[in-house]
Amino acid sequence: MAAAAGGPAVKVSESQAGTGGSVTVSGTGWRSHTLLMMLICGQASPSRGVIGGTNSCANADGRAVTTDANGHFSKRLPVAEPPVPCPCVVHVATVTGANADADAAFQVAGHPVKALPAESTGGRLSILTDTRLDGSSGLLTWFGAPPSRTLVLTIGNAGSSTLKDPVFQVGTSHGVFAPQWDEQQWRGTLAPGKKARVELPVELSAGAHGDYTVSLKYDGKVLAEQPWGVGRPWGVTLFWILLCVVVPTAVFRIGMAVVDRVRPPRAGGIRHRGMHRPTLRLPRLRTPEPAPATTATLPWFTPDTDPGTATGRLSAPHDDSPASPTTPTTKGPT
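Cut-offs and rules
Throughout this document, residue positions are counted from 1 along each chain, in the order its sequence is written. Only residues with pLDDT of at least 70 are given local features in this predicted model, and only at 80 or more are side-chain atom pairs given and counted; all residues enter the totals for whole chains, interfaces and linings. Side-chain calculation: all heavy atoms of the structure are included, whereas hydrogens and water are not. To count as a disulfide, a pair of cysteine sulfur atoms needs to be within 2.5 Å. Numbering of helices and strands starts at the N terminus; helices are DSSP runs of H or I of at least 4 residues and strands are runs of E of at least 2. For every residue, the accessible area obtained with a 1.4 Å probe (protein chains only) is divided by the maximum for its type, and the residue is called buried under 20%, exposed over 50%, and partly exposed between those limits. Two strands qualify as a pair provided that DSSP identifies no fewer than 2 bridges between them. Patches in this entry comprise residues that are over 30% relatively accessible and not in a salt bridge; like charges within 9 Å are linked, as are nonpolar side chains (Val, Leu, Ile, Met, Phe, Trp, Tyr) within 5 Å. Only the protein chains shown count as covering a residue, and every accessible area follows the Shrake-Rupley method with a 1.4 Å probe. Here a salt bridge means any side-chain nitrogen of Lys or Arg lying within 4 Å of a carboxyl oxygen belonging to Asp or Glu. Here a cavity is any set of points on a 1 Å grid over the protein atoms alone where a 1.4 Å probe fits but cannot get out, and a pocket is any open set with protein on both sides within 12 Å along at least 5 of 7 lines; a residue lines the site when it has an atom within 4 Å of a point. Grid points are joined across faces, edges and corners, and a volume is the space filled by probe spheres set on the points. Any residue outside Ala, Val, Leu, Ile, Met, Phe, Trp, Tyr, Cys, Pro, Asp, Glu, Lys and Arg is labelled polar, Gly included; the first ten of those are nonpolar and the last four are charged. Values of pLDDT, the confidence the predictor places in each residue, fall between 0 and 100. Pairs of residues are marked as contacts when any of their non-hydrogen atoms sit within 4.5 Å.

**Some thoughts on the state of the cysteines**
Okay, step 1: Per the stated rule, a full pass over the model turns up 2 disulfides.
Okay, step 2: The disulfide that involves Cys41 links it to Cys57, with 1.9 Å between the sulfurs. Judged by the torsion about the S-S bond (95°), the Cys41/Cys57 disulfide is right-handed. Taken together, the positions of Cys41 in strand β5 (residues 35–41) and Cys57 in the loop between β7 (49–50) and β8 (63–66) put the pair 16 residues apart, joining distant regions of the chain. Accessibility assignment for this pair places Cys41 and Cys57 in one class, buried.
Okay, step 3: Covalent S-S linkage joins Cys86 and Cys88, the inter-sulfur distance amounting to 1.8 Å. Every disulfide takes its handedness from the sign of the S-S torsion; for Cys86 and Cys88 that torsion is -90°, giving left-handed.
Okay, step 4: Given the relative accessible area of 3%, Cys88 is considered buried.

Here's what the structure looks like:
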C-alpha cells in the first residue's frame, strides 16, 4: 500500500501476477466522485514515481474508475506487460480536476527487470502548486495560426544543493499519441528549501484542434500533466466554403463571356455583348412654325374704315383710282 501523508492511497490485492490475469485495486483518501485512471507502469517505484511518465505504462490495458462519496474505490485491473522493464507499480491518477496520484509496488511475472537510473545527488525539484495554462487564442488562431499558451507552476528545491538554470522538458500529446518533447531552460538559481515561479511557453502546430495534454519532465521524471482543449479554427473552414462558392461563379461568368463573343450574330445584325444595355433613341420633336401674323380688327372699326386697310390702299395703287391726265385712255367703239 502506498500513501502520502494525509493524501490518497492505493492497495493491490496481490503483489505479483502474470500476464492474462487480473488484480483488485482499491484506494482511499481520494476526492469524492472523481474520475481516476489505473495503469501498470514499468521503470517506476512508489518512492520515485513513474520516471518515464505514461510512456512507461501499459496504456491500452488501463481502466477508469470513479470514487464514491467517501473517496473510496475498488476495481479489477487486467495484468499487462508495460513497454519498459520493471520494477513496476500500479499507478492511479486523477483524470480531471486537481492533479493527484499514488503508486503501489507490483511485479509482473516473467517481465524483465532492470535497475532504475541513478537519482541525482544534487537538488531535487518538486511541484508545490497545481499547474495551469495562461493565455487565450486570438483572431489569427481562428484562421489556423499555431495556438500558444504559457505553462505556469511553482517549484521547490527539496534537495541539499542549489539548482542553477535547470533544463525542463515540455511535451504535448494528442489523444493516444506519445508526447513530443521540447527542452526549455529556466534561467534562475534555486537554493535548498526555496521556491520559485516558473513560466514556460507551449506552442502547437498550425491548425491544431482537439484535446491535448501538456506534460512537464525534469531529470527523466514527469512532474505534472495539464489538459488543454483547443478549439477548431473555424476561419479556415469559412475560407474554404467561400472559395468553393466564388471560384465556380467566376468560372461560370468567364465561360458565358467567351460564349457570347464566339456566338454568331443574330438576324438583323443585332448582337449583344456582355451585359451592355441597348441605347434607346427617341424621335426628334419638330418645333411648330409660328403662324403668320394677322391684323387684328378692332371692334370700333368696320372693315371699310380699318386703318390697316386704308393704309394698305394708300401704299399700293389700284385699278379703280381716277385716271391721271397722262394716262392714255382707249375708248372702245360706240
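**As for the pairing of strand β14 (residues 148–157)**
Okay, step 1: Burial analysis of β14 places 8 of its 10 residues in the buried class, which makes it a mostly covered element.
Okay, step 2: Where strand β12 (residues 125–127) lies against β14, 3 bridges are found, and the strand directions are antiparallel. Residue pairing in the sheet places Ile127 in a bridge with Ile155 of β14.
Okay, step 3: Sheet topology places strand β13 (residues 132–134) next to β14; 3 bridges connect them, and they run antiparallel. The residue of β14 that forms the bridge with Leu133 is Leu151.

**What about a nonpolar patch on the surface?**
Okay, step 1: Side chains of Leu139, Trp142, Phe143, Trp234, Leu238, Ile241, Leu242, Val245 and Val246 sit close together on the surface and give an oily, nonpolar patch of about 920 Å² of accessible area.
Okay, step 2: Elements with a contribution of two residues or more to the nonpolar patch: α1 (139–142) and α2 (234–262).
Okay, step 3: Per-element accounting of the nonpolar patch gives the leading share, 6 residues, to α2.
Okay, step 4: Tracing the chain through its elements places Ile241 in helix α2.

**Some thoughts on empty space enclosed by the protein**
Okay, step 1: For the structure on display, the rule yields 2 cavities of 30 Å³ or more.
Okay, step 2: Computed from the structure, the second largest cavity encloses a volume of approximately 40 Å³.
Okay, step 3: Along the lines of polarity and charge, the residues of the lining of the second largest cavity split into 3 nonpolar, 5 polar and 1 charged.

**Side note on the confidence of the model for the protein**
Okay, step 1: Per-residue pLDDT for the protein averages 79, and the proportion of residues at 70 or more is 76%.
Okay, step 2: Throughout residues 310–314 the model reports pLDDT below 50, and contacts reaching past four residues in sequence, or to other chains, amount to 2 contacts.
Okay, step 3: Low confidence marks residues 321–327, where pLDDT is under 50. Its contacts with residues over four positions away, or in another chain, come to 0 contacts.

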